[in-house]
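Here's the letter readout for the chains.
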Amino acid sequence: MNRIQKLFQKKKDNILSIFITAGFPNIDSLPTILEALEESGVDMVEIGIPFSDPTADGPAIQYSNNVAIHNGMTLPHLFAQLKDIRKKISIPLVLMGYLNPPMQYGFDKFIDDAVACGIDGIILPDLPLDEYVISYQEKFNKNGLSNIFLITPQTSDLRIQTIDKESNGFIYVVSTNTITGGKVDFEDTQKEYFSRVKNLQLNNPALVGFGIRDKATFDIAAKYLNGAIIGTAFIKHIEAHPTRIKDAVKEFIEAIR
Amino acid sequence: MEYQVDKRGFYGPYGGAYIPEMLHQNIEYLQQNYLDIINSEDFINEMNALLKDYVGRPTPLYFAKRLSQKYGYKIYLKREDLCHTGAHKVNNTIGQILLAKRLGKTRIIAETGAGQHGVATATVCALMDMKCIVYMGEVDIERQAPNVKRMRMLGAEVRPATSGSKTLKDATNEAMRDWIGNPNDTHYIIGSVVGPHPFPDMVARFQSIISEEIRWQLKEKEGKELPDYVMACVGGGSNAAGAFYHFLDEQTVKLIAVEAAGHGIHSGMSAATTILGKPGVLHGSKTLFMQTTDGQVVEPHSISAGLDYPGIGPIHAWLFESGRAQFMSATDDEALEAVMELSRLEGIIPALESAHALAKLKEINAPADSIVVVNLSGRGDKDLDTYIREFKNL
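Here the focus is the layout of surface pockets. A probe as big as a water molecule, rolled over the atoms, marks out the empty space that is left. The computed volume of the largest pocket comes to approximately 860 Å³. Along the wall of the largest pocket there are 39 residues; nearest its centre are Pro128(A), Asp130(A), Ala17(B), His24(B) and Gln31(B). Here the lining of the largest pocket takes seven residues from helix 1 (residues 24-38) of chain B, the largest share from any one element. Residues of the lining of the largest pocket, tallied by class, amount to 21 nonpolar, seven polar and eleven charged.

Dropping the structure here:
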């Protein structure tokens, strides 16, 4: 059982996961941010692998990707940074990014190195479900690594159930038809959608992402599903306080909790 | 060897649909229905009528006598430059707007580099009374100002892509982001044989009218359907895909694709993807594109905005890898020379893109009297500013 599965075994509600782009705002910011997040009581962290062409991301995460690439963040550098991270950090860690950088790194080596660093899950939004099942699932399972899939309001019940069957971490519930950082109202449409997902009684827990930006939006998501993921709002907050990252992280999390 | 797309959406190892879940429903629906829609009688009739009376097809296959004399081959120019809007791009936008109508979509988005695809999209949107939004890199908006005005005259909204390098690849990213946000009412008219399956195949089919016409036109003129060579420039590769399409399985026809070498292949200012690129996943498909060892996309350079794209469509990656097509590259300077040559020898001012194909006539080393068809994909009006700048003695 990996750390994601253990987390959801003991905690079902109000799960807070934070997304941060590796190498942002500075090349060596990540370990500091991870420590501050764990100390603040965050349940899980998604570490973004920067990519030059992040088609599902809004301006804030695009910017963080560009800064990180400019800072020199690469997968070899990221794995070097994470090599001893498990001596300090015990919450689940997930790598999230677009397929091309891991492909160029060598997908098998990417998985091996992630596992060696103590990574628990992978999110690659542009990796097709069937390709995962045919080519990679066995390796993920052998290494106790969870692959995490996205669903959206347009994903049919049948497809959600298929995705649930192939998942063993959590389901990433994209709140609405938008890129990251989009303005989401969390009105009736979203609530109906969250209820629909809840009523499917999936085997995997479900976390809401995209548009979660503060306590109010977090609470709505957590009321319907197991918790939520915050990316853009966190990145903007860090960007605004580059010289006092540790305190900025704590302020941000306190405001949500 | 199979050169067409397979059932899973792949050309050999290239292609597929590497898309986030947000685009899944639209793409899956297209995958399952595009062939039925575009092969239906009603669709074909409407498309053929528009291609004839609105676009001006068939475009001539013109025997270029003076150019032929110079090179010692029988050179024919497929005159896509005479299409309405000035390039082959409209063949695809006509097809896709008719598809969008049948999908019940009311809003069209597109990406554009030089502005030719944007103009062709804005044109068919005006024709079909559809809302049209064209994403264009901020840098391209500046260097292609007349096309921006043309799109606006046609009623389109031109939205600047301000992310990344602010050129074609970023305009493509922005269009995809728009589609993620507007999946219900919007169809994305991709302008080249790129993107997730079924776009590369769909665009290739809409452009295949080029080679379909070449076959019967050549039969009329030469008594045989098959030329010895077909040459076309490749950015994403839509005009080349159309010019090659009905010759792919005719092994006697040599296919020559010409990429933009910019300032020179290894100058750091180039768009010669088959030489500089590696396989990877970009804009929804697995294909060859220029990237760093870390997998970050490298910004290309070409004097021709239409070839200024870091990748090639998956069909071309496969034609390259399988050896079915020979890939060559022409520098900015070679393309400019070819522009002047065609202008002076034949009285035709070609687009910079098409001039890249013309520029390699001197290097194909074909036997004398070989029949060589060059796809003249567009006319040079849009490039006049560049020509005025580059040809100092005008």
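Evaluated as defined, the whole model comprises six cavities of 30 Å³ or more. One number sums up the size of the largest cavity: a volume of about 390 Å³. His88(B), Lys89(B), Gly306(B), Leu307(B) and Glu353(B) are, among the 31 residues lining the largest cavity, the residues nearest its centre. Counting only elements with at least two residues in the lining of the largest cavity, the list comes to strand 5 (107-112), helix 5 (116-128), helix 8 (168-181) and helix 11 (238-244) of chain B. Of the residues contributing to the lining of the largest cavity, the split by class is ten nonpolar, 17 polar and four charged. Approximately 130 Å³ is the volume attributed to the second largest cavity. Thr55(A), Asp126(A), Tyr18(B), His283(B) and Gly284(B) are the residues nearest the centre of the second largest cavity, which is lined by 16 residues in total. Classifying every residue of the lining of the second largest cavity gives ten nonpolar, four polar and two charged.

So, about the sheet that holds strand 8 (residues 186-188) of chain B. Residues and elements named next belong to chain B. Reading across the sheet, the four strands line up as 7-6-5-8 and stay open at both edges, with parallel pairing between neighbours. Strand pairing shows two members of the sheet lacking a second neighbour, strand 7 (157-161) and strand 8, which therefore form its edges. Taking each pair of neighbouring strands and ignoring which way they run, the sheet shows an average axis angle of 25°.

Turning next to the packing of helix 1 of chain B against helix 9 (residues 199-207) of chain B. Residue and element names in this part refer to chain B. The interhelical angle for the contact between helix 1 and helix 9, taken along N-to-C directions, is 25°, at an axis separation of 10 Å. By the angle between their axes, helix 1 is roughly parallel relative to helix 9. Of the two elements, helix 1 crosses helix 9, and the hand of that crossing is left-handed. Contacts between helix 1 and helix 9 pair Ile27, Leu30, Tyr34, Leu35 and Ile38 from the former with Phe199, Asp201, Met202, Arg205 and Phe206 from the latter. A per-class count over the contact of helix 1 with helix 9 returns eight nonpolar, no polar and two charged.

Counting 193 residues, the largest nonpolar core has Leu95(A) and Phe244(B) as its most contacted members. Here Phe244(B) is in contact with Ser211(B), Val230(B), Ala232(B), Leu255(B), Ile256(B), Ala257(B), His316(B), Leu319(B) and Ala325(B), once residues within four sequence places are set aside. Counting residues in each nonpolar core, the second largest holds 33 residues, with Ala338(B), Leu345(B), Tyr387(B) and Phe391(B) among its members.

Quick look at the packing of aromatic side chains now. For the structure shown, the criterion picks out 22 aromatic pairs over all chains. Summarising the aromatic geometry, the rings of Phe24(A) and Tyr63(A) are spaced 6.2 Å apart at their centres and angled 80° between planes, so their arrangement reads as edge-to-face. Here Tyr63(A) lies in helix 3 (residues 59-71) and Phe24(A) lies in the loop between strand 1 (15-21) and helix 2 (29-39), a separation of 39 residues in the sequence. Of the residues examined, Tyr63(A) reaches a relative accessible area of 41% and is grouped as partly exposed. Taking the centre distance of 6.0 Å and the plane angle of 75° together, the rings of Trp179(B) and Phe199(B) count as edge-to-face. Of this pair, Trp179(B) sits in helix 8 while Phe199(B) sits in helix 9; the two residues are 20 residues apart in sequence, bridging distant segments of the chain. For Trp179(B), a relative accessible area of 2% corresponds to the buried category.

Here is what the cut-offs are and how they apply
- Residues numbered from 1 in each chain as written.
- Chains lettered and ligands numbered in written order.
- Predicted model: local features only at pLDDT ≥ 70, side-chain atom pairs only at ≥ 80, totals over all residues.
- Heavy atoms only, no water.
- 1 Å grid on protein atoms, 1.4 Å probe; cavity = no way out; pocket = protein on both sides within 12 Å on 5 of 7 lines; lining within 4 Å.
- Points joined across faces, edges and corners; volume = space filled by probe spheres on them.
- Helix = DSSP H or I, 4+ residues; strand = E, 2+ residues; numbered from the N terminus.
- Nonpolar A, V, L, I, M, F, W, Y, C, P; charged D, E, K, R; others polar.
- Pairing = 2+ DSSP bridges.
- Axes fitted to C-alpha atoms, helices over the stretch in contact; angles between N-to-C directions.
- Parallel < 35°, antiparallel > 145°, perpendicular 65-115°, else oblique.
- Left-handed = near helix turned anticlockwise from the far one by under 90°.
- Contact = heavy atoms within 4.5 Å.
- Core = buried A, V, L, I, M, F, W, Y, C linked by side-chain atoms within 4.5 Å.
- Buried < 20%, exposed > 50% of the residue type's maximum accessible area, 1.4 Å probe, protein only.
- Phe/Tyr/Trp six-rings, centres within 6.5 Å; stacked < 30°, edge-to-face > 60°.

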